[in-house]
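# Structural overview
This is what each chain is made of:
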Amino acid sequence: MVAYLLRRVLLGLVTLVVITLMVYGLARSMPGNPLTVQLGESDPSRKLNPEDQQRMLEIYGLDKPWPIGYVQWISKVIQGDLGRSITRKQPVTQLIGERIGPTVLISGTALFLTWFLAIPLGLYASARGGRIDERFTGLVLYALYSFPTFVAALFLQIIFAVWLRDTRWELPLFGMSDLSSDAPFYARCADVAWHAILPITCQTYVVLAYNSRFIKANLEEVVRQDFIRTARAKGAGPWRVLVHHAFRNTLIPLVTLLGLSLPALVGGSVIIEQIFTWPGMGRLFFESIRERDYPTIMGLTLMFSVLTLVGQLLADLLYSIVDPRVNVE
Amino acid sequence: MAAPLLEIKDLVTVFHTSEGRLPAVDGVSLSIERGRTLGLVGESGCGKSVTAMSTLRLVSSPGRIESGSITFTTEGESIDLVTAPEKQLRKVRGGRIGMIFQEPMTSLNPVFTIGNQIAEVVQLHRKVSRSEARSRALEMLRLVRVAAPEQRLDEYPHQLSGGMRQRVMIAIALACEPDLIIADEPTTALDVTIQAQILDLLDDLRSRLGTAILLITHDLGVVAETCDDVAVMYAGQIVEQASAVELFSHPLHPYTIGLLQARPNVDARDRSPLATIPGMVPLPQNFPSGCRFHPRCSHAREPQCKLDPPALREISPGHFVRCHFAEEINS
């Protein structure tokens, strides 16, 4: 077990170096740099003169070729320093710390809702497979699955923020809170929750449709197996056959899916956070790329990569728990 | 005379597919007496497994029992398993009738322990605690002669060999002391040496526990060793039925005769090629008219065999055959 974990961690470290090296190279190869993009875009007259620019590039270490920059970055990372954001003048860790909460609020709730609803939906779809009500729910779920989030988000905004304005069903158009920081704590919580309804809905429905269909497809596969016939021949009722015997066997593919959703939990959705102006990680990532803010890009890349690898490792470890045939060694 | 333990009458099980209505079982009647072993024999595709599945209403869609009755008499009470409500049927399944399947490798749930799977059937049918069910599971593993039963109890199916798994299936089938065991090709997937062990075990358990057995097989050797009575099935119908002794000494139906001749004989001095029955078992979508065996039968006579479906006739007491010319062929 220890040897296995050690091997996985070492392999993970190599993977991390490869990922970050590629992302760093790509980021640095994009046209422009934090200085030109930031200032030149907003006001051409504020463009730095070449000498100043050169001086600042030297300060940020951007005057050298990117492989050297990468080595400098990674040697700092090893010491536990993710660097400072060039455009926001803040440590990257502090930036992430500010943004991670709002993102986890949305994607954590969405993830929970997704599984909480997808499992009963999948079981229901499998139990009633082919009947008229199941076909109808299936149709609705497929329609939802193929409906792009950004369109759905706009529709929801029109319905709840425009058409239903000044009714008790009104929901905020965007943002995370309308109250100032001196408002009572509970009032602020309620306000944030109220703002979070639409983004959570948007992030839930697509994954819900996908997951419930995934569960149904897996259940249908399992239900055809011989051991299900054995369970019925033992006198188990249909519910027990489905939940105890069949569902238990679908946990194996579900664990993979769950492991893969770990990075998304913290990564957030760029589209949803952008549409609802939600101050989360997805937006931070998007903005840092636009601003060529290399330290932030790299800090986020590193974090997402680590989480992806950890998610996979957790999934593999969970396999051996849900499937006795799997041995991690 | 008391009612037989299980009496199947005119059972018709049909599969409704895109190719139309396929009667896999077409008017089968069988009866099994308490404590006896009935062998149901036939080639692959003749409907023996569907008959077995129909008995516990385990035929899954698009298959459906269309008509007939399956009367199961236990503790002085008769139930028609075809029409019994699902709840009552569930008490019979695993409780009064145990079932063993052909594929021991896939018939056990891979994610539960052996002990768990035996205990489950006990808990489903008896009001017992977990630990009581577990000790019953241990007792059953000992009964089916699994080595190191205490250790096996906490093992998973993949840790066991095919023969071991089939023993576990037998333990599950017997755990609630059923009146009848339906064994659907229980030894087909096993090595020859293991086959003999499993058959011995079944036979031994039957004589000790008094459980009747419906043994479904394509292997006449297995029938000769274990069965009291034999029914030969062909194309969804019973073509011959008699006691095992009678059937092996005086086979009447050309198909049965063909099957008996098609068995390899190790002691045979002559090196003549093994006799075979020409052709294949017809599928339900193209059952021949008249006698379903006539295209493969060397005794077939036009036009009677081609046009007139023969009925199952009692030729001598307890010996039934479905052939127009049974007497002539055998005289």
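No experiment lies behind these values; they were computed from the predicted model shown.

## Section: the overall build of chain B
Scanning chain B from terminus to terminus reveals twelve helices and twelve strands. For chain B, whose C-alpha radius of gyration is 21 Å, the value lies close to the compact-globule estimate of 20 Å for 331 residues. Its C-alpha atoms give chain B principal-axis dimensions of about 65 × 50 × 45 Å. A burial count over chain B gives 45% of its 331 residues as buried. A separation threshold of at least 6 residues defines the contact pool for chain B, and within that pool the share at least 24 residues apart is 63%.

## Some words on helix α6 (residues 162-174) of chain B
Residues and elements named next belong to chain B. End to end, α6 covers 18 Å across 13 residues, agreeing with the expected 18 Å (1.5 Å per residue, within 8%). For α6, the buried fraction is high: twelve of the 13 residues fall into the buried class. Listing the buried residues of α6 in full gives Gly163, Met164, Arg165, Gln166, Arg167, Val168, Met169, Ile170, Ala171, Ile172, Ala173 and Leu174. Packed against the buried residues of α6 are β6 (97-100), α3 (114-125), α4 (130-143), β7 (180-184) and α7 (192-209).

## Thoughts on the confidence of the model for chain B
Residues and elements named next belong to chain B. Model confidence for chain B is summarised by a mean pLDDT of 89, while 97% of its residues fall at 70 or above. Element-level pLDDT for chain B is lowest in helix α12 (residues 326-330), with a mean of 81, against a maximum mean of 95 in α3. At the level of chain-chain contacts, confidence expressed as ipTM amounts to 0.88, with global pTM at 0.82.

## Some points on unusual backbone geometry
Of note, the bond from Glu302 of chain B into Pro303 of chain B is cis; its omega dihedral lies within 30 degrees of zero at -5 degrees. Here Pro303 of chain B shows up in the loop between α10 (254-261) and α11 (304-307). One non-glycine residue, Lys89 of chain A, lies in positive phi territory at about 55 degrees. Checked against the element boundaries, Lys89 of chain A lands in the loop between α4 (66-78) and α5 (92-127). The class of Lys89 of chain A is exposed, set by 7 C-beta atoms lying within 10 Å. Even without being a glycine, Glu75 of chain B presents a positive backbone phi close to 50 degrees. Tracing the chain through its elements places Glu75 of chain B in the loop between β4 (63-74) and β5 (77-80). On the basis of neighbour counts, which here come to 6 C-beta atoms within 10 Å, the residue Glu75 of chain B falls in the exposed class.

## Thoughts on the nonpolar core
Ile118, Ala171, Ala175, Leu180, Leu214, Val232 and Met233 of chain B are the most contacted members of the largest nonpolar core, which has 124 residues in total. In this view, Ala175 of chain B contacts Ile118, Val121, Val122, Arg136 and Met140 of chain B; residues no more than four positions away in its chain are not counted. Within the second largest apolar cluster, 16 residues are counted, among which are Ile86, Met298, Leu300 and Met303 of chain A.

So, how was this worked out
- Residues numbered from 1 in each chain as written.
- Chains lettered and ligands numbered in written order.
- Predicted model: local features only at pLDDT ≥ 70, side-chain atom pairs only at ≥ 80, totals over all residues.
- Helix = DSSP H or I, 4+ residues; strand = E, 2+ residues; numbered from the N terminus.
- Rg over C-alpha atoms; globule rule 2.2 N^0.38 Å.
- Buried ≥ 20, exposed ≤ 12 C-beta atoms within 10 Å, placed from the backbone.
- Contact = placed C-beta atoms within 7 Å.
- Expected span 1.5 Å × (residues − 1).
- pLDDT = per-residue confidence, 0-100.
- Core = buried A, V, L, I, M, F, W, Y, C linked by C-beta atoms within 7 Å.

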